[in-house]
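Take a look at the letters that make up each chain.
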Amino acid sequence: MHNYLDFEKPISDLEGKILELKKLAGEDESVNTSDEVERLETRVRDAMAEIYSKLTPWQKTQVARHPSRPHFLDYSAELFTEFTPLAGDRNYGNDEAIQAGLARFRGMPVAVLGQEKGSDTKSRIKHNFGSPRPEGYRKAIRIMEMADRFGLPLITLIDTAGAYPGVGAEERGQAEAIARSTEMCLNVRVPIVTVVIGEGGSGGAIAIATGNRVYMLEHAIYSVISPEGAASILWRDSTRAKEAASNMKITSEDLKALGVIDGIIPEPVGGAHRDPQSVIARTGTVIADALKELSGRNGDELRTDRRQKYLNIGRNL
């Protein structure tokens, strides 16, 4: 059974009927429900196509946060071979929210970074729901330095609501760690290709997302603050998150128009969680094309390109 979002009730009702019919046919072989099941499946496809063709920003936010949406570990298992995870910041400890390591991408040695939210209660607690602490960003800096030293292209997969706002994280220099990680992204002399696969929240995302090429999945979101946080600050009412989402320009379409991202990766009808394999394959193709495009540039050109990309954002508004 799927975890249905509130706006998916028509789909939920139809798929519930399909399950009942299949169960009935399984219990009594004399009952033929195939025609009715086929008719209902057609209605499901039509309903899904209609609903997902006109999602509001808040509905896209819900899709981006869907618990069954593929996360970093799903992408890394499919896209990379010989993945060797690296742990620790050589200063305080290891942060499981940020996953990092060396791998091969279609035969090419690369460095890989990303946030992992977890897929069940145990893993979500282990990965702190994808919200990194300072040691996570310092681990990211260590991996970026290593990629720069050995000339390894860097691939980052973004999926976080934001950096962890706890007291301990602030005491250990959260803001400084994010700033230095962002600075390192700007300074390395290797290609950086970034994909926002779910949520791209605030400095927690940009710290490892300052790439030469930045892409978003169709129903991902990317914002300076969560809709709930914006509503709490602007109106002192987090329940107005839906209104905030509509005004913040957080969808892939909005950000492509603003020049913040370079491209949009289409998702299957119904969201990435409906067909993870296809969306992961598309993401791999986009990354491969971007790396091929950037491969002919030297370190100075890559760094200049990256810095200029961010200086140009908003100039034509």
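Per an unreviewed UniProt entry, the protein chain goes by the name Acetyl-coenzyme A carboxylase carboxyl transferase subunit alpha and belongs to Ensifer oleiphilus. The protein chain has a UniProt comment under Pathway (unreviewed entry) that states "Lipid metabolism; malonyl-CoA biosynthesis; malonyl-CoA from acetyl-CoA: step 1/1."

S.K.: Break down empty space enclosed by the protein for me, with residues and values.
M.R.: Per the counting criterion, the structure on display carries 1 cavity of 30 Å³ or more. Roughly 50 Å³ of volume is contained in the largest cavity. Forming the boundary of the largest cavity are Arg65, Thr160, Ala161, Glu199, Gly200, Gly201, Ile221, Ser223, Ile225, Ser226 and Pro227. Every element with two or more residues in the lining of the largest cavity is listed here: β5 (192–201) and β7 (221–223). Partitioned by chemical class, the residues of the lining of the largest cavity number 4 nonpolar, 5 polar and 2 charged.

S.K.: Lay out the packing of aromatic side chains with the relevant residues and their values.
M.R.: Applying the stated criterion to the full structure yields 2 aromatic pairs. Its end group placed over the ring of Trp235, Arg240 keeps NZ or CZ at 4.2 Å from the ring centre. Here the basic side chain of Lys309 rests over the ring of Tyr310, its NZ or CZ set 5.9 Å away from the ring centre.

S.K.: I'd like a rundown of the pairing of strand β3 (residues 108–115), residues and numbers included.
M.R.: Most of β3 sits out of view: 6 of its 8 residues are buried. Between strand β2 (residues 98–105) and β3, which follow one another and run antiparallel, lie 2 residues, and Arg106 among them has a positive phi close to 55°. The pairing of β3 with strand β4 (residues 154–160) spans 4 bridges and is classified as parallel. Opposite Ala111, over in β4, you have Leu154 as the bridge partner.

S.K.: I'd like to hear about the confidence of the model for the protein chain, residue by residue, with values.
M.R.: When pLDDT is averaged along the protein chain, the result is 92, and 97% of the positions lie at 70 or above. Ranking the helices and strands of the protein chain by mean pLDDT puts strand β6 (residues 213–217) first, with 97, and helix α1 (residues 9–27) last, with 82.

S.K.: So, the UniProt feature "domain: CoA carboxyltransferase C-terminal" (unreviewed entry) in the protein chain: which residues are in play, and what are the values?
M.R.: Summarizing the sequence annotation, UniProt attributes the feature "domain: CoA carboxyltransferase C-terminal" (unreviewed entry) to residues 36–293 in the numbering used throughout. Across residues 36–293 one finds 47% helix and 19% strand; the C-alpha atoms that close the span lie 50 Å apart.

S.K.: How would you explain the nonpolar core if you had to name every residue and give the values?
M.R.: Soluble globular proteins: nonpolar side chains tend toward being buried together. Residues Phe105, Leu113, Tyr222 and Ile287 are the most contacted members of the largest nonpolar core, which totals 57 residues. With 7 residues, the single largest contributor to this core is helix α13 (residues 276–294). Beyond its immediate chain neighbours, meaning those up to four positions away, Phe105 contacts Leu79, Phe80, Val110, Ile155, Gly284, Ile287, Ala288 and Leu291. With 15 residues, the next largest nonpolar core counts Leu5, Phe7, Ile18 and Val37 among its residues.

S.K.: With reference to specific residues and values, describe helix α4 (residues 72–79).
M.R.: Three- or four-residue spacings in an α-helix give side chains the same orientation, since the helix completes a turn every 3.6 residues. Listed as buried for α4 are Phe72, Tyr75, Ser76 and Leu79. The arc enclosing the buried residues of α4, seen along the axis, measures out at 95°, which places them on a common side.

S.K.: Could you give an account of unusual backbone geometry, with specific residues and numbers?
M.R.: The phi dihedral of Glu82 falls on the positive side, at around 55°, and the residue is not glycine. Note that Glu82 resides in strand β1 (residues 80–85). Of note in the backbone geometry, Lys249 takes a positive phi value of approximately 55° without being a glycine. By secondary structure assignment, the location of Lys249 is in the loop between α11 (241–247) and α12 (252–258).

S.K.: Tell me about the packing of helix α8 (residues 174–187) against helix α14 (residues 299–312), and name the residues and values.
M.R.: The geometry of α8 relative to α14 is characterised by a closest axis approach of 8 Å and an angle of 125° between their N-to-C directions. Viewed along their axes, α8 and α14 adopt a mutual orientation that is oblique. Residues Cys185, Leu186 and Asn187 of α8 form the contact with α14, whose own contacting residues are Arg303, Arg306 and Arg307. For the contact of α8 with α14, the class distribution of residues is 2 nonpolar, 1 polar and 3 charged.

S.K.: Could you give an account of the domain arrangement of the protein chain, with specific residues and numbers?
M.R.: Domain boundaries in the protein chain define domain 1 (6–54) and domain 2 (61–312). Measuring from the centre of the C-alpha atoms in domain 1 to the corresponding centre in domain 2 gives 36 Å. Each partner contributes to the interface: domain 1 provides 8 residues, whereas domain 2 provides 8 residues. Note on domain 1 versus domain 2: buried area summed over both sides is about 640 Å², and carbon and sulfur give 55% of it. In terms of surface lost to domain 2, no three residues of domain 1 exceed Phe7, Met48 and Tyr52, which account for 66% of the buried area on that side. Linking domain 1 with domain 2 are 1 salt bridge. The closest approach of N and O atoms between Glu15 and Arg274, which form a salt bridge, is 3.1 Å. Linking domain 1 to domain 2 there are 3 residue pairs in polar contact (both at pLDDT 80 or more). Those elements that provide at least two residues to the side of domain 1 that touches domain 2 are α1 and α2 (34–52).

S.K.: A description of the packing of α4 against α13 should follow, citing residues and the corresponding values.
M.R.: In the contact formed by α4 and α13, the axes pass within 10 Å of each other and the chain directions differ by 65°. In terms of axis orientation, α4 runs roughly perpendicular to α13. The chirality of how α4 crosses α13 is right-handed. Where α4 abuts α13, its residues Asp74, Tyr75, Glu78 and Leu79 lie against Gln277, Val279, Ile280, Thr283, Gly284 and Ile287. Residue classes in the contact of α4 with α13 are distributed as 5 nonpolar, 3 polar and 2 charged.

Each value, and the rule that gives it
- Residues numbered from 1 in each chain as written.
- Predicted model: local features only at pLDDT ≥ 70, side-chain atom pairs only at ≥ 80, totals over all residues.
- Heavy atoms only, no water.
- UniProt positions renumbered as here; feature names shortened; annotations may be inferred.
- 1 Å grid on protein atoms, 1.4 Å probe; cavity = no way out; pocket = protein on both sides within 12 Å on 5 of 7 lines; lining within 4 Å.
- Points joined across faces, edges and corners; volume = space filled by probe spheres on them.
- Helix = DSSP H or I, 4+ residues; strand = E, 2+ residues; numbered from the N terminus.
- Nonpolar A, V, L, I, M, F, W, Y, C, P; charged D, E, K, R; others polar.
- Phe/Tyr/Trp six-rings, centres within 6.5 Å; stacked < 30°, edge-to-face > 60°.
- Lys NZ or Arg CZ within 6 Å of the ring centre and 35° of its normal.
- Buried < 20%, exposed > 50% of the residue type's maximum accessible area, 1.4 Å probe, protein only.
- Pairing = 2+ DSSP bridges.
- pLDDT = per-residue confidence, 0-100.
- Core = buried A, V, L, I, M, F, W, Y, C linked by side-chain atoms within 4.5 Å.
- Contact = heavy atoms within 4.5 Å.
- Arc of directions from axis to C-beta.
- Axes fitted to C-alpha atoms, helices over the stretch in contact; angles between N-to-C directions.
- Parallel < 35°, antiparallel > 145°, perpendicular 65-115°, else oblique.
- Domains from an automatic or database assignment.
- Buried area = accessible area lost by both parts, 1.4 Å probe.
- Salt bridge = Lys/Arg side-chain N within 4 Å of Asp/Glu carboxyl O.
- Polar contact = N/O pair within 3.5 Å; in protein donor to acceptor, adjacent residues only side chain to side chain.
- Left-handed = near helix turned anticlockwise from the far one by under 90°.

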